[in-house]
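Survey of secondary and tertiary structure
Read off the chains here:
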Amino acid sequence: MFVRPTARPTQITALGVGKSYDGRVVLDSVSCSLGAGERTGIVGENGSGKTTLLRLLAGRERPDHGEVILHAEGGVGYLAQDAALPPRRTVRQVVDRALRELRAIEARLRRLEFAMADGDESGLAEYGDLLTVFELRGGYDADARVERALHGLGLGRLPHDRPVGALSGGEQVRLRLAAVLAAAPEVLLLDEPTNHLDDAALAWLEDHLTARRGTTVAVSHNRDFLERVATTLIEVDADRRGIVRYGNGYAGYLAERAAARQRQAQAHARWRDEVDRLREATLTTARRVAPGRAMRDANKMAYDRAGGRVEQSLASRVRNAEERLRRLLADPVPPPAEPLRFTAPSHRADAAPEGTLTAAGVAVTGRLAPTTLALGPGERLLLTGPNGVGKSTLLRVLAGELAPDAGSMARRGRIGHLPQEPAPGRPGQTLLAAFAHGRPGFAEEHAERLLALGLFRPEQLDARVTDLSTGQRQRLALARLVTEPADALLLDEPTNHLSPALVEELEAALADYPGALLVVSHDRRLRRRWHGPQLTL
């Protein structure tokens, strides 16, 4: 899909770009243009190709076909999501390395100044050009900018002579981000810059990016960050291996997605009405045959001639209507996807309430400290706590997938469990077979139900699960969950791996779910919107 350039001067252009890994196409014939000063968020589910697109734009990878054109006299800064810093390098050395271009320009300016002071004006033109670049990138403010970035990202008290190897993983990520920001490049390309940031650091980063004058492109799953920072969004579509661009920021992204669904509903309604009209016209016209008319003048020969002409005309109209109907049915306009909806099984009024979970002092050696909780029918609980404290382990215990080493458990009713990481799939198993696994009947009998969710297209049903991206496998797990009634849902980081639009839809479905609900999530937006008690492990 070609995306029209903005009215601003084009700074980054991708033309027909494609990229594959080990024979698997990630991006196919992608084209887009980003204007100078634009703040673009790249979104999509995990494994869709967001990082690949960013690396191509940054020139860190070369496309298999097509080209990327980038104009940035003020430099390009790139933050990789996963990159290792040399453990013996100090904090100061990391920052100095990020500023090496500025340092080199400054050193050259000093040398030219000395030469011109001695009467050599041969470098005057070069001096003017370098001074323009130096000022454009805020060279005079570089050292102060370093301190502001370190302080804003929670590293203000970090000794500059401390080795990188002595820092935590989160501190190393924030140090890399601070160094890239301090360099003040004209074009900034960031891969998941909000990872490992607390609320204060996140707020500082958002303020910094909205205030800077350069072009910013950021891959992010953080909806609050996208809403505040991004002026345009590019969604990478894993199914079509392409991109779609949305204007007016995150709100425009959601609005356009909703409008597209409405247009799909209208197109389907028009198709259905036309099919019904042609079917009715065919049946009605076929019944209006000439021999059924009353003979008015006893002139049988004239009556037969007129009747033949009418019958021939009607038969032609029937054939035309049948042909138009055949073409419509051969190329149907599908209805829009059904909104996600979780359902609890219905019970008799006099039956005992279902959806009860209780845990008394349950523990798993080395993974979960003794924990007690109770969740009644229709109740909801948000489970929080630092990584490694045992939240996922607790959900597996509650779901009956893992036996505790201590304590007691009681559960009543049907339990639905969504793990944090989707299953990799069985060798050779197709998407449709995985969806239908354990359900009555043949796999093909479940195709219509799966397609109605709008999470997959018909041509994907025969794809092997092992070939799906992480986000696609998460969609598969979600599809199984919403099509099986459950008295209680145990959801472990349910917003992981999904596109922001699908996350918004998932949250709406959870708000309407009538059963018991236990959610583990680090998603700031979900936690801020949460209505109900919370438990911190």
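The shown structure was predicted, so the numbers you read here are calculated from the model rather than taken from an experiment. Positions within a chain are numbered from 1, following the residues in the order the chain's sequence is written. Totals for whole chains, interfaces and linings use all residues, but because this is a predicted model, local features are given only for residues with pLDDT of at least 70 and pairs of side-chain atoms are given and counted only at 80 or more. For the side-chain quantities, the full set of heavy atoms in the structure was used; hydrogens and water were omitted.

Some details on the pattern of salt bridges
Here, a salt bridge means any Lys or Arg side-chain nitrogen found within 4 Å of an Asp or Glu carboxyl oxygen. Under the defined criterion, the tally for this structure stands at 38 salt bridges. For R148, the salt bridge identified is with D141, shortest N-O distance 2.6 Å. Close ionic contact of D224 with R525 constitutes a salt bridge, the shortest N to O distance being 2.8 Å. You can see D224 sitting in helix 8 (residues 223-229) and its partner R525 sitting in helix 16 (residues 524-529), a full 301 residues away along the chain. Both residues of the pair, D224 and R525, count as buried. Each helix is a run of H or I in the DSSP string that is no shorter than four residues. Each strand is a run of E no shorter than two, and both are numbered from the N terminus. The rule is simple: take the accessible area with a 1.4 Å probe, protein chains only, and divide by the maximum for that residue type; under 20% is buried, over 50% is exposed, in between is partly exposed.

Quick word on the sheet that holds strand 2 (residues 24-35)
Pairing between strands is defined by DSSP: at least two bridges between the two strands are required. The strand order across the open sheet formed by three strands is 2-1-4, and the pairing between neighbours is antiparallel. Both outer strands of the open sheet, strand 2 and strand 4 (65-70), are each paired with one neighbouring strand and no more. Strand-to-strand twist in this sheet, taken as the mean axis angle between neighbours without regard to direction, amounts to 15 degrees. Fitted lines through C-alpha atoms give the axes, limited to the stretch in contact for helices. The angle between two N-to-C directions lies from 0 to 180 degrees.

Here's the deal with the nonpolar core
Among the nonpolar cores identified, the biggest contains 50 residues, and L175, L177, L190, L209 and F225 are the most heavily contacted of them. For this core, the leading source of residues is helix 6 (residues 169-182), giving seven residues. Those residues in contact with L177 that lie beyond four places of it in its chain are L79, L153, L190, P193, L197 and L205. For the purposes of this section, nonpolar cores are sets of buried Ala, Val, Leu, Ile, Met, Phe, Trp, Tyr and Cys residues that join through side-chain atoms within 4.5 Å. Counting residues in each nonpolar core, the second largest holds 35 residues, with A434, F435, L481 and Y513 among its members. We call two residues contacting when some pair of their heavy atoms lies within 4.5 Å.

Describing helix 11 (residues 391-398)
Each α-helix winds once per 3.6 residues, and so residues spaced three or four apart point in a common direction. Across the eight residues of helix 11, six count as buried, placing the element largely inside the fold. Buried within helix 11 we find K391, T393, L394, L395, V397 and L398. In the stretch just after helix 11, G400 is the one whose phi turns positive, near 80 degrees.

A few points about the sheet that holds strand 11 (residues 368-375)
Taken together, three strands build an open sheet; the order of strands is 11-10-13 and the sheet is antiparallel. The sheet is open, and its two borders are formed by strand 11 and strand 13 (406-412), each paired with just one other strand. Strand after strand, the sheet turns through a mean of 15 degrees between neighbouring axes, direction not considered.

Observations regarding the side chain of T194
Topologically, T194 is positioned in the loop between strand 6 (187-191) and helix 7 (199-211). With relative accessibility at 4%, the residue T194 sits in the buried group. Beyond its immediate sequence surroundings of up to four residues, T194 is in contact with L202, S220, H221, N222 and F225.

Re helix 4 (residues 124-136)
Helix length check: helix 4, at 13 residues, gives a terminal C-alpha distance of 18 Å against a target of 18 Å (1.5 Å per residue), a fit within 8%. All of the buried residues in helix 4 are Y127, L130, L131, V133 and F134. Taken around the axis of helix 4, the buried residues stretch over an arc of 165 degrees, which confines them to a single face. The exposed residues of helix 4 that point more than 90 degrees off its buried face are A125, D129 and T132. The inward-facing, buried residues of helix 4 contact helix 3 (100-117). Expected helix span is taken as 1.5 Å per residue step, with the number of steps being one fewer than the number of residues. Working note: the arc is built from the helix axis to C-beta atom directions.

Some remarks on the pairing of strand 6
Extensive coverage of strand 6 is indicated by the burial of five of its five residues. Going residue by residue along strand 6, you find V187, L189 and D191 tucked away on one face and L188 and L190 tucked away on the opposite face as well. Relative to strand 6, strand 5 (residues 76-79) runs parallel, the two sharing four bridges. Across the sheet, the residue bridging to Y78 is L189, located in strand 6. Where the polypeptide runs from strand 6 across helix 7 and back to strand 7 (residues 215-219), its parallel neighbour, the crossover connection is right-handed. Here a crossover is taken to be right-handed if, once the strands point away from the viewer, the path from the first strand over the helix to the second is traced clockwise.

A closer look at the packing of aromatic side chains
Aromatic rings from Phe, Tyr and Trp, with only the six-membered ring used for Trp, were paired whenever their centres fell within 6.5 Å, and each pair was classed as stacked if the ring planes differed by under 30 degrees, edge-to-face if by over 60, and tilted otherwise. Across all of its chains, the model carries four aromatic pairs by this definition. Taken together, a centroid distance of 5.0 Å and an interplanar angle of 85 degrees make the contact between Y246 and Y253 edge-to-face. Seen from their ring centres, F342 and Y513 are 6.2 Å apart, and the 75 degrees between their planes marks the pair as edge-to-face. Highlighted residues: F342 in the loop between helix 10 (300-330) and strand 10 (356-364) and Y513 in the loop between helix 15 (500-512) and strand 16 (516-520), separated in sequence by 171 residues. Of the two residues examined, F342 and Y513, each falls in the buried class. In this structure an aromatic cluster arises from ring pairing among Y246, Y250 and Y253.

Notes on empty space enclosed by the protein
Points on a 1 Å grid over protein atoms alone make up a cavity when a 1.4 Å probe fits among them but cannot get out, and a pocket when they form an open set with protein on both sides within 12 Å along at least five of seven lines; lining residues each have an atom within 4 Å of a point. Grid points are joined across faces, edges and corners, and a volume is the space filled by probe spheres set on the points. Scanning all chains against the criterion turns up one cavity of 30 Å³ or more. Counted as a void, the largest cavity has a volume near 50 Å³. Around the largest cavity, the lining residues are R39, T40, G41, T216, A218, F225, L226, V229 and A230. Of all the elements in the fold, those that place two or more residues in the lining of the largest cavity are strand 3 (39-43), strand 7 and helix 8. Classifying every residue of the lining of the largest cavity gives five nonpolar, three polar and one charged. As a working rule, the residues Ala, Val, Leu, Ile, Met, Phe, Trp, Tyr, Cys and Pro are called nonpolar, Asp, Glu, Lys and Arg charged, and the rest polar, with Gly in that last group.

Description of the confidence of the model for the protein chain
Confidence in the prediction of the protein chain, expressed as mean pLDDT, is 88, and 91% of residues score 70 or more. Element-level mean pLDDT values for the protein chain span from 70 in helix 10 up to 97 in strand 3. Taken as a whole, residues 1-7 scores under 50 in pLDDT and shows 17 contacts with residues more than four places along the chain or in a different chain. Confidence per residue, as judged by the predictor, is encoded in pLDDT with a range of 0 to 100. pLDDT under 50 marks residues 289-293. Its contacts with residues more than four places away, or in other chains, come to 11 contacts.

Quick look at the pairing of strand 10
Every other side chain in a regular strand lies on the same face of the sheet, so the side chains alternate between the two faces. In the sheet, strand 10 pairs with strand 13 via six bridges, with the strands oriented antiparallel. Following the sheet pairing, L357 is matched in strand 13 by R411. Across five bridges, strand 10 lies against strand 11 in antiparallel orientation. What sits directly across from T358, in strand 11, is A374. What sits between strand 10 and strand 11 in their antiparallel hairpin is a turn of three residues, with G366 showing a positive phi close to 75 degrees.

Some remarks on the environment of M409
For M409, the location among the structural elements is in strand 13. With 12 residues separating them along the chain, M409 and V397 place their C-alpha atoms 8.3 Å apart.

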